[in-house]
Amino acid sequence: MTDRQSIRRALVSVYDKTGLVDLARDLDAAGVEIVSTGSTAATIRDAGIPVVDVAEVTGSPEMLDGRVKTLHPAVHGGILADRRRDSHVAQLEQHGIAPFDLVVVNLYPFEDTVAAGGTDEEIIEKIDIGGPAMVRSAAKNFGSVAVVVDAGDYALAGAAAKQGGFTLAERRELSAVAFARIADYDQAIAEWTLAQVDAETAEDDELEEIDVFGLGEDELAGLGMRELRYGENPHQRALVAVTDDAAPGIAGAEQLGGKEMSYNNYVDADAAVRAAYDHDAPCVAVVKHNNPCGIAVAADGEDIAAAHARAHGTDPVSAYGGVIAANRPVTRAMAEQVRPVFTEVILAPGYDDDALEILRTKKNLRILRIDDRTAPAEEVRPIWGGTLVQQPDAYQAPGDDPSTWTLAAGPEVDAATLADLAFAWRAIRGVKSNAILLAADGAAVGIGMGQVNRLDSCRLAVQRANSLGEHAEGEAAPERARGAVAASDAFFPFADGVRILLDAGVRAIVQPGGSIRDEEVIASCEDAGVSLLLTGTRHFAH
């Protein structure tokens, strides 16, 4: 009885080929089948020694520039099977996997590449994955497998193959050497990675310590920044920086005409794009002080000019000095509508040539072209002593899909009413909380925004709807709230706000629901015969 494990099959995969051919000859002379990978197999084969490519064993080609070669059950099953267990032997037979008795591996030269001053990309490519996995597997299973990681032990391995294999004590010692090598290797990788993190943190800290307002134009440009005319108020200095060259957004929009952008221009432009680009149909949003004062979509068969006319009509008074965003190229017809209205900024994905010619006659109008509206991965807001970071608000299933809304009160709505509700629900996301938006025929007719209670937002939305509509001098303003639909960005905490909308003649309401007084809100709508739909999703914008 002996604890030697004879060597009939060996897996050999080495980066450093020193001593490889001599080892392969010794193994072949002892009748050992050699399975190997990539350049290791090529070196053995070029020496006239039989070798089996690992791809023949796995049935899968090497891929991803050699990153994946041996990560396969046919390899690791053959290494990890404890042949002292009948169940393991049976499973190898069941799956047609031949066991390995010897694993010879040396790892990619990570430490040497770091020491030689390699680039980050070169160093990362020298982080071995398959090699350590095979070494750990074989070292763990020293009861059945011998593992060799040091070229100084190749002669020992060749001799053992001829003498009936390694003893259990020898396999255990080789296992300890292998685990120590893996520990050193992983430690080197960890230290290098942490050093990169520390270096980046140091760079960030260094940037934070820079008094950017004390830098000159060239120095700011070197940091990817440029100075604006002034900040929120004339006594405040301000800068703008593009933080993602792949998705520059508003900060990197191409300016085609007009004065330089100000801090407030950028803030309002961001809000306008957010509102207009939320819609699939041609849409125009008119924004003032970071809130939409008008938003509308074009009906079937209409173009962007029709959407602009409706958006302007929401609140023609507040549109003066506003920012306009369109989610379609601006046409001549739309440019003709914009020309007589004092406008700070206009943004769109493009402009017809004749439209651009018209808009450029307004010397102070800032004309921006924004290539795409890729949402940022995160939103960052500084607060005193810290920073808030969140994922951007986005439309999500199922709460924002009208087909999933719950009818809580009133009759089923017809297709036209549901379309207006869907528009109002998408438009409400661009309005600051507390937000109420009244809509009719794909256009906002009254908006209550930024109030400290929802009751005041309801009053404001109705008041603006019924006082700001276009009408001839001497005529009463149209009661646009009557027959409109309403959207609320969050639930109604009490029924009083809903009653203001019902008294104004609103025909249907969409809101998230979830208040402890939902039953009172539902009962009010039921008594008035007004449809109430619940989304289960809210869209606060603070």
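So, here's what we can say about the structure. In this text, all values refer to a predicted model and were calculated from it rather than measured experimentally. (Residues numbered from 1 in each chain as written. Predicted model: local features only at pLDDT ≥ 70, side-chain atom pairs only at ≥ 80, totals over all residues. Heavy atoms only, no water.)

### Overview of the overall build of the chain
Then step 1. Broken down by element type, the chain carries 19 helices and 21 strands.
Then step 2. Against the 2.2 N^0.38 benchmark of 24 Å for 542 residues, the chain shows a C-alpha radius of gyration of 35 Å, more extended than a compact globule.
Then step 3. Taken along the three principal axes of its C-alpha coordinates, the chain extends 115 × 60 × 45 Å.
Then step 4. Sequence separation of 24 or more characterises 56% of the internal contacts of the chain that already satisfy a separation of 6 or more.
Then step 5. Of the roughly 26700 Å² of accessible surface on the chain, 51% is carried by carbon and sulfur atoms.
Then step 6. If the 47 positive side-chain charges of the chain are averaged to one point and the 85 negative ones to another, these points end up 2 Å apart. (Helix = DSSP H or I, 4+ residues; strand = E, 2+ residues; numbered from the N terminus. Rg over C-alpha atoms; globule rule 2.2 N^0.38 Å. Contact = heavy atoms within 4.5 Å. Areas by Shrake-Rupley, 256 points an atom, 1.4 Å probe, with all protein chains shown as cover. Lys, Arg positive; Asp, Glu negative; His and termini not counted. Charge placed at Lys NZ, Arg CZ, Asp CG, Glu CD.)

### Digging into the sheet that holds strand β5 (residues 146-148)
Then step 1. Strand order across the open sheet formed by five strands is β3-β2-β1-β4-β5, with parallel pairing between neighbours. The two strands at the open ends of the sheet, each matched to only one other strand, are β3 (52-53) and β5.
Then step 2. Note: strand β4 (residues 102-106) against β5, three bridges, orientation parallel. Across the sheet, the residue bridging to Val104 is Val148, located in β5.
Then step 3. Where helix α1 (residues 20-29) meets the sheet, its contacts fall on β1 (9-14), β2 (33-36) and β4, and the angle it forms with β1 comes to roughly 175°.
Then step 4. Helix α2 (residues 38-46) rests against β1, β2 and β3 of the sheet, and its axis sits at about 140° to β2. (Pairing = 2+ DSSP bridges. Axes fitted to C-alpha atoms, helices over the stretch in contact; angles between N-to-C directions.)

### Some details on α1
Then step 1. Listed in full, the buried residues belonging to α1 are Leu20, Leu23, Ala24 and Leu27. What you see down the axis of α1 is that its buried residues fit within an arc of 100°, all on one side. Opposite the packed face of α1, turned more than 90 degrees from it, sit the exposed residues Asp22 and Ala29.
Then step 2. Lining the buried residues of α1 we find β1, β2, α2, β4 and α9 (154-162).
Then step 3. Backbone geometry just downstream of α1 places Gly31 in the positive-phi region, at approximately 80°. (Buried < 20%, exposed > 50% of the residue type's maximum accessible area, 1.4 Å probe, protein only. Arc of directions from axis to C-beta.)

### Some remarks on the pattern of salt bridges
Then step 1. Following the criterion strictly, the structure yields 18 salt bridges and no others.
Then step 2. The shortest N-O distance in the salt bridge between Asp26 and Lys162 comes to 3.6 Å. Taken together, the residues span a long stretch of sequence, with Asp26 in helix α1 and Lys162 in helix α9 at a distance of 136 residues.
Then step 3. With relative accessibility at 23%, the residue Asp26 sits in the partly exposed group.
Then step 4. Across the salt bridge formed by Arg237 and Glu227, the nearest N and O atoms sit 2.7 Å from each other. Of this pair, Arg237 sits in the loop between β6 (225-227) and β7 (239-241) while Glu227 sits in strand β6, placing them 10 residues apart in sequence.
Then step 5. Residue Arg237 is classed as partly exposed on the basis of its relative accessible area of 43%.
Then step 6. Owing to a relative accessible area of 33%, Glu227 belongs among the partly exposed residues under this scheme.
Then step 7. Bridged by salt links that share partners, the residues Asp278, Asp393 and Arg429 form one connected network. (Salt bridge = Lys/Arg side-chain N within 4 Å of Asp/Glu carboxyl O.)

### A word on the packing of aromatic side chains
Then step 1. Counted by the stated rule, this structure contains two aromatic pairs.
Then step 2. Here the aromatic rings of Tyr15 and Tyr108 are separated by 5.8 Å at their centres, their planes lie at 65°, and the arrangement is edge-to-face. Placement of the pair is Tyr15 in the loop between β1 and α1 and Tyr108 in the loop between β4 and α6 (110-115), with a sequence separation of 93 residues.
Then step 3. Pairing Tyr320 with Phe342 gives two aromatic rings, centres 5.2 Å apart and planes at 55°, and the pair type is tilted. Placement of the pair is Tyr320 in the loop between α13 (304-314) and β11 (322-326) and Phe342 in the loop between α14 (332-338) and β12 (343-348), with a sequence separation of 22 residues. (Phe/Tyr/Trp six-rings, centres within 6.5 Å; stacked < 30°, edge-to-face > 60°.)

### Let's talk about the state of the cysteines
Then step 1. The final tally for this structure, using the stated rule, is zero disulfides.
Then step 2. No disulfide involves Cys525; its nearest neighbouring cysteine sulfur is the one of Cys458, lying 11 Å away. (Disulfide = S-S within 2.5 Å.)

### Observations concerning the packing of α1 against α9
How two helices pack is summed up by the angle between their axes together with the distance between the axes.
Then step 1. Where α1 meets α9, the closest approach of the two axes is 8 Å, and the angle between their N-to-C directions is 10°. Regarding the angle of α1 to α9, the classification is roughly parallel. In contact with Leu20, Leu23, Asp26 and Leu27 of α1, α9 contributes Tyr154, Ala157, Gly158, Ala161 and Lys162.
Then step 2. Class assignment for the residues of the contact of α1 with α9 results in six nonpolar, one polar and two charged. (Parallel < 35°, antiparallel > 145°, perpendicular 65-115°, else oblique. Nonpolar A, V, L, I, M, F, W, Y, C, P; charged D, E, K, R; others polar.)

### What about the nonpolar core?
Then step 1. Membership of the largest hydrophobic core comes to 43 residues, with the highest contact counts inside it found for Ile250, Ile295, Leu347, Leu421, Leu437 and Val510.
Then step 2. Considering every element that reaches this core, the biggest residue donor is helix α12 (residues 263-276), with seven residues.
Then step 3. Setting aside chain neighbours within four positions, we find Leu437 in contact with Ile295, Ala424, Ala427, Ile428, Val431, Ala444, Gly446, Ile447, Val485, Ala486 and Ala487.
Then step 4. Within the second largest apolar cluster, 27 residues are counted, among which are Ala296, Ala326, Ala355 and Leu359. (Core = buried A, V, L, I, M, F, W, Y, C linked by side-chain atoms within 4.5 Å.)

### Focus: the pairing of strand β18 (residues 443-448)
Then step 1. Counted residue by residue, β18 has six buried out of six residues, so it is predominantly covered.
Then step 2. As defined by bridge partners, strand β17 (residues 436-440) adjoins β18 across five bridges and the pair is classed as antiparallel. The residue bridging Ala439 from the neighbouring strand is Ala444, located in β18.
Then step 3. Taking the residues between adjacent antiparallel strands as the criterion, β17 and β18 are bridged by two residues, where Asp441 takes a positive phi near 55°.

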